[in-house]
Amino acid sequence: MEPIYCTVLPGSPDELGVPPEADKTKHKQSLAIEELLSTERGYLNMIQLCAVDIRNRLKQKQLPDFDLEGLFANIDDVIDVSSKLLYQLELMDTENPQYLQALSDTFLSMRSELENTYKEYCASYSNILILEARYREREELDKAIQETITIQRIARYQLLLQTILKNTEPSHPAYRSLQATVDSTVALNSNINEYKRLKEVADKYNKPENLTLMDKIYRINTHSIAKKTARLSQMLKHEAGFLPKTEDKEFDALEEYFLALERGVADLQDNVSTFVKHFEEFLSRRPHECELDIETEVAFRNYKELSAILHKHIYPKYMHRLKSLVLQPLCSLQELFACPQNMIRKRLHKLLDFEKIEEKRRETGSITYEEQEAANTYQAINTLLLTEMPKFNGMATQLLIRAMETFIFIQRDFAADVNHIASGYLQHLPHNKLPDYTFWSWAEGMFLKEAKSLQQISQTFEAELNPHFILPLTPSSQRRLSELTKRYKSEQIYQASSDIKGGRDMDLSLSRGELVAVIQEMDTKGDKRRWLVEAGGNRGYVPASRINPYHPTGQTASPSPAIVDEASKRHSVVVVSPAIESPVLPSLQVFAAYDFSARSIHEVSLRAGELVTVLEHHDRQGNPQWTLVEVQGQKGYVPSNYLMVVPVPGISASSRKT
Amino acid sequence: MSWIPFKNNNPKKQIISKTVERDFEREYEKLQKLEDQTKKLHKDMKKSTEADTAMSKAAVKISSDLLSNPLCEQDPQFLKSMTALDTAMRRMDAFNQEKVNQIQKTVIEPLKKFSSVFPSLNMAVKRREQTLQDYKRLQSKVEKYEEKEKTGPTMVKLHQAREELRPVREDFEAKNKQLLEEMPKFYHSRIDYFQPSFEALIRAQVAYFTEMHKIFGELTEQIDQPGLTDEQRERDNEARLSELKALSIVADD
């Protein structure tokens, strides 16, 4: 603690030969002025030493994780301000009668600079202390930084000036200025203190606490329970109407606006985010990269080139602008709402406390120290919010509006970019001269027409599905056929084109060439690929694709034992049928195709593979279904379709007679 | 490997020449690739237009949410701006819907119709293959009988086999001929078929973006701020955010 007076001057006032009272004051005044100046010099030296010397040393040590900025705060600004002040004060000789006026003027002119600089430093003071303590513990700091002298200095101005004033005659010309100066330093100090307090309150209450459940449980004690109960009861009294709510229209308006703004920013950020996401999905699809092997086609070529350029350059640029100029700022803005929101909540809690305290004060006239503190806290938060919320609301609204304006500009630019490129490609299209309405009618008309030709093409391919041939029948098949035709229409008769092995429960197994009658063209579940058929008394399901309609036609050259159905000739696909060969050509021979047992004296028996001689191609009544043959020396009638004509090379007609 | 029983012996006589078979394979492969690509294009176009529609709806939500925000009641200028924006977004959505409809009719549906031919084609090719197998089998059978001693029963069997073979051969030849004719025709038809689609795509985009440029251009004229560069905008945003962060009620992390 420096003494106010340096040394006691040698000699008594009498020696100096000045009138005792007036001289004493004048003397004290000079001393006070001197003190102001010399202490300032000393102070400036000290802080410069601190800032320059200690800081450099610490910097050289290069300690990791060392918050040099936090430790020294804005000491440089303090040094600047102090130097400036000292310079001004030393400009004039202290003996100069004008000096006091100059002194006052200096202080008044530098008032705001002093206030702002020291305000910041004092607000950072607690942080500096914390850091210093931490580093001293870690033995990274060996000496105290003496930051206290800065704190004390700003307060000292007030005292020093007051001393000077005390020792100045009210009649002195500079008296009033000096008075004003003193008043201003008083105000200055009070402002600095207030600022410091508010900052501390803000720091304490604005951070939303991330407490674990355990933390929260530990916090519960009688005190906190009492506190929360009191608040709750206060709130209930408000809601029930027992107590009038402390209405602060100004605050309520600010809060309402704040909440609306918060909702607006949150929604906007969300919606823009969704918008961008869909655009990214759009961008991931590249239809223009299909390979239809039509590179030579003009329209496709243009489309492909255009799309490639859009995907490569225009779309990414658009996306980037959206993200960096709209989405990113919105996200950052949204994050800033959390702390003020928390503070508003705390304010409400503190308000409830405050109301109770005020009630108590009214009733009992006195409140405890803690209660006064709580009341002050409420006032501090309230003031802080009232001061700063308008600024917050205003600036955040500005950002919101800016974001929307930017979005609009980006959309316009994007449209301009796409149009610029796309119109170029449009010029190359065959029908570009057509006005829009005509083009669309033409295009739609084209496709309706094309739909018809496509259908025809499909049908062409599908027509292959009905093979136009039938497999020759065995006698058992023939019997089956006559059996089925008794009960079913000929359209229902189908033939298996291959062996069918039934797999499931109700499936039938068929052999190739077997005849069936189709009862239903789908199964019980409606599956049209499984048909219900009857085969020789058995009913079951077979795959539809493996059976074909049995349309016996006269196409096949072999006189197969099939009932000629004239009507089915229409269904056959045209194939040039070979001419039915006459069985009596010299190079052809007739054989029995199957065994046949004669059932009357007019008939003759056959063995499959026997050579026969045909005598007549019909019976007595002219029925071509019976042929008169001679075999093994016997003559008689046999069914015509049991005979087969075989071209036999190398056998002359003359050797036929056996 | 004679212990492996072959179901169909490969006939000694060559049924179809290697060149013809190769030609067939080549044509069919081209069509198979076309089938894949048209399916892929169809899917891409569908998903693309779906995303486009979703985007447009999201844009409308941007403006409608803001318009329903209480801020509009507080600030008449804000209300005016948001109303103008909302109108613009809704108009754009209408144009987008129109664009999507046009694409639906001139690109997506035609693609689907074109693709619907392929199942019939594939079935026809399969049937040809089945017939070919039958043909080969019967051919072997005939050849087998031809090599045997010429007895009566053999002759009959040979004759029967030949009779069985003939219609199958004719059937195969008919199928083969038809496919060899129709496949290239169908493949070639794609060029003219798709030409209007690609024209339509370009035209639809130009129409849409022309409107978009007009509508948003009108909006920008209502904004007092002159056009800034992107860097200016970024700096502006940064400055405002910093100002906000400097407030005590906003924590500084």
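Residues numbered from 1 in each chain as written. Chains lettered and ligands numbered in written order. Predicted model: local features only at pLDDT ≥ 70, side-chain atom pairs only at ≥ 80, totals over all residues. Heavy atoms only, no water.

As named in an unreviewed UniProt entry, chain B is BIN3 protein, taken from Polypterus senegalus. As its UniProt record puts it under Subcellular location (unreviewed entry), chain B is described as follows: "Cytoplasm, Cytoskeleton". Under the Function (unreviewed entry) heading, UniProt states for chain B: "Involved in cytokinesis and septation where it has a role in the localization of F-actin." (UniProt positions renumbered as here; feature names shortened; annotations may be inferred.)

In the annotation of an unreviewed UniProt entry, the entry for chain A reads ARH37 factor, and the organism field reads Polypterus senegalus.

Enquirer: Could you clarify how one ought to interpret the packing of helix α6 (residues 148-166) of chain A against helix α7 (residues 175-205) of chain A in this entry?
Expert: For any two helices packed against each other, one specifies the inter-axial angle together with the distance between the axes. Residue and element names in this part refer to chain A. Running from N to C, α6 and α7 point in directions that differ by 155 degrees, and their axes come no closer than 9 Å. One way to sum up the angle between α6 and α7 is to call them roughly antiparallel. For the crossing formed where α6 meets α7, the hand is left-handed. On α7, the residues touching Ile-154, Ala-155, Tyr-157, Gln-158, Leu-161, Gln-162, Ile-164 and Leu-165 of α6 are Tyr-175, Leu-178, Gln-179, Thr-181, Val-182, Thr-185, Val-186, Leu-188, Asn-189 and Ile-192. (Axes fitted to C-alpha atoms, helices over the stretch in contact; angles between N-to-C directions. Helix = DSSP H or I, 4+ residues; strand = E, 2+ residues; numbered from the N terminus. Parallel < 35°, antiparallel > 145°, perpendicular 65-115°, else oblique. Left-handed = near helix turned anticlockwise from the far one by under 90°. Contact = heavy atoms within 4.5 Å.)

Enquirer: What is the right way to read the nonpolar core from this model?
Expert: Side chains that are nonpolar tend, in soluble globular proteins, to be buried together. Among the nonpolar cores identified, the biggest contains 126 residues, and Phe-275 and Phe-392 of chain A together with Leu-121, Phe-198 and Ile-249 of chain B are the most heavily contacted of them. Residue contributions to this core peak at 22 residues, all from helix α13 (residues 369-426) of chain A. Leu-121 of chain B has contacts with Phe-461 of chain A together with Tyr-28, Leu-31, Leu-179 and Met-183 of chain B, leaving out every residue within four places of it along the chain. Val-81, Leu-85, Leu-89 and Ala-174 of chain A belong to the second largest nonpolar core, which has 46 residues in total. (Core = buried A, V, L, I, M, F, W, Y, C linked by side-chain atoms within 4.5 Å. Buried < 20%, exposed > 50% of the residue type's maximum accessible area, 1.4 Å probe, protein only.)

Enquirer: What am I meant to see in the environment of Lys-157 of chain B here?
Expert: Residue and element names in this part refer to chain B. Structurally, the position occupied by Lys-157 is in helix α5 (residues 152-221). With relative accessibility at 41%, the residue Lys-157 sits in the partly exposed group. A C-alpha to C-alpha distance of 8.8 Å links Lys-157 and Val-142, two positions 15 residues apart in sequence.

Enquirer: Please explain the pairing of strand β3 (residues 530-535) of chain A as it appears in this structure.
Expert: On any regular strand, side chains alternate: one points to one face of the sheet, the next to the other face. Residues and elements named next belong to chain A. For β3, a buried count of six out of six residues is recorded, marking the element as mostly surrounded by other parts of the structure. The side-chain alternation of β3 yields two buried faces, one formed by Arg-530, Leu-532 and Glu-534 and the other by Trp-531, Val-533 and Ala-535. Here β3 pairs with strand β4 (residues 538-543) via six bridges, running antiparallel. Residue pairing across strands places Trp-531 opposite Val-542, the latter belonging to β4. Hairpin remark: β3 followed by β4, antiparallel, with two residues in the connecting loop; positive phi at Gly-536, about 55 degrees. (Pairing = 2+ DSSP bridges.)

Enquirer: When you look at the sheet that holds strand β5 (residues 547-549) of chain A in this model, what are you seeing that I'm missing?
Expert: Sheet strands associate in pairs through backbone hydrogen bonding, adopting either a parallel or an antiparallel arrangement. Residue and element names in this part refer to chain A. Spatially, the five strands line up as an open sheet ordered β4-β3-β2-β1-β5, and their pairing is antiparallel. With one partner strand each, in any of the chains shown, β4 and β5 form the two edges of the open sheet. On average, adjacent strands in this sheet sit at an angle of 45 degrees to one another, irrespective of strand direction. Note: strand β1 (residues 493-496) against strand β2 (residues 515-520), three bridges, orientation antiparallel. Paired with Tyr-494 across the two strands is Val-516, which belongs to β2.

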